[in-house]
Amino acid sequence: MNKKSYKLAVRIPLIITVSVAIVIAVISIFFYILSRNTVTALLNDQVTDIAALNTQTVESYLTSMQVYSESLRDNVLLMRSLGQETAAPMLESALTDVVKSGRVFSAYFAFEPNEFFPDTPDGLSYYAYTDGGSVAMDVLNDYADYSSGDYYATTKSIRKTHVTEPYSYDLTNGKTVWLITLSNPITDTSGKFLGVANCDILADSIGALDFTTGPYETGYSEILTAEGNRIANTKDS
C-alpha cells in the first residue's frame, strides 16, 4: 500500500503537470494562430489601402491624358471644315503642341479612306512623336496598316474611349518603343465614324509615376491584361 501510495503521489502531480503543459501549449498555439491571422489581416488591409492610393495616381495620370486626347478630337472637326490644304498644317501643329507639352510621348490622327478628306482612298494619318530633343512628324497614307490596330479597330467598333494594353511600335527613326494608347473616336454630327485622335505614353511611364510605398522600403508595379495575365513588372526590366 505504501508503494502504491508513493506511486500515486508521484504520478498525480506528473499527470497534472503534463496536462497543464498540454493546455498551455494548445492555448499558446491558438493565440499564435490568432495573432498571426490578425497581423496578416492588418498587413493585407494596409497593402490594399496603399494599392488603392496608387490606383488613384494612375487614374489621375490617365485622366490627364484623356483631356489631351479629347481636346484633339474636339478641335479636329473644326479644322476639317477648312479643307485639307488649310487644315493639314493645323493638324500637324495641334499634334506637335501636345507632344511638346511633355505629358505624352506621341499623338496621332488617323482617318477613314475618303471620309475625313476626299481623295484619300488609302486613308490618311498624322503621327507626331518625341525624337530626342525634337518632335518628328509622319504623314502617311497607310490605312492598310492602322485599320487593324487595336487603337483603331477597337475604337471604331465600340465608338468610345479605348485604352490599349502595351504594344510594341516601330518608329520611323528605327527605334522600337512600347506604348499604351488612349484612343478617342472622331465622329461627325450624325455619329458617322471618321477616325481616331490618340495620345500615346511609354509603358515605362506607368512604373515611373510617383507611387507611395507607405511604411515599406520597396514596392513594385505591374500591368495586367483584362484576363489577369501579368505582362509587365517594374522589378523585371
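Values in this document were obtained by computation on a predicted structure and should not be read as measured data.

Undergrad: Mind laying out helix α4 (residues 150-158), listing which residues take part and the relevant values?
TA: Within the span of α4, buried status applies to Tyr151, Tyr152 and Thr155. Down the axis, α4 shows its buried residues gathered within 95° of arc, on one side only. The secondary structure elements touched by the buried residues of α4 are β1 (106-111), α3 (143-146), β4 (162-163), β5 (167-170), β6 (176-187) and β7 (193-202).

Undergrad: Hey, could you go over the pattern of salt bridges for me, with residue numbers and the actual values?
TA: Overall, the coordinates contain four salt bridges when judged by the stated rule. Between Arg230 and Glu222 there is a salt bridge whose closest N-O contact spans 3.2 Å.

Undergrad: Hey, could you go over the side chain of Ser183 for me, with residue numbers and the actual values?
TA: Turning to its location among the elements, Ser183 is positioned in strand β6. Exposure remark for Ser183: the relative accessible area of 0% places this residue in the buried category. Of the polar contacts made by the side chain of Ser183, one reaches the backbone oxygen of Tyr151; its length is 2.8 Å. Here Thr155 takes part through its side chain, which lies 2.9 Å from a polar atom of the side chain of Ser183. Not counting residues up to four positions away in its chain, the partners in contact with Ser183 are Tyr151, Thr155, Lys160, Thr161, His162, Val196, Ala197 and Asn198.

Undergrad: Break down the nonpolar core for me, with residues and values.
TA: Formed by 32 residues in total, the largest nonpolar core has its most connected members in Leu72, Leu91, Phe109, Phe111 and Tyr126. Of all the secondary-structure elements, those providing two or more residues to this core are α1 (2-80), α2 (84-100), β1, β2 (124-131), β6 and β7. A per-element tally of this core places α2 first, with seven residues. If we ignore the near neighbours within four places in the chain, the residues touching Leu72 are Ala94, Leu95, Val98, Ala107, Phe109, Ala197, Asn198 and Cys199.

Undergrad: Give a description of the pairing of strand β9 (residues 230-233) that names residues and reports values.
TA: Judged from the three bridges that link them, strand β8 (residues 222-224) and β9 form a sheet pairing that is antiparallel. When the bridges of β9 are listed, Leu224 appears paired with Arg230. The turn linking β8 back onto β9 is made up of five residues, and Gly228 within it adopts a positive phi angle of 90°.

Conventions and cut-offs
Residues numbered from 1 in each chain as written. Predicted model: local features only at pLDDT ≥ 70, side-chain atom pairs only at ≥ 80, totals over all residues. Heavy atoms only, no water. Buried < 20%, exposed > 50% of the residue type's maximum accessible area, 1.4 Å probe, protein only. Helix = DSSP H or I, 4+ residues; strand = E, 2+ residues; numbered from the N terminus. Arc of directions from axis to C-beta. Contact = heavy atoms within 4.5 Å. Salt bridge = Lys/Arg side-chain N within 4 Å of Asp/Glu carboxyl O. Polar contact = N/O pair within 3.5 Å; in protein donor to acceptor, adjacent residues only side chain to side chain. Core = buried A, V, L, I, M, F, W, Y, C linked by side-chain atoms within 4.5 Å. Pairing = 2+ DSSP bridges.

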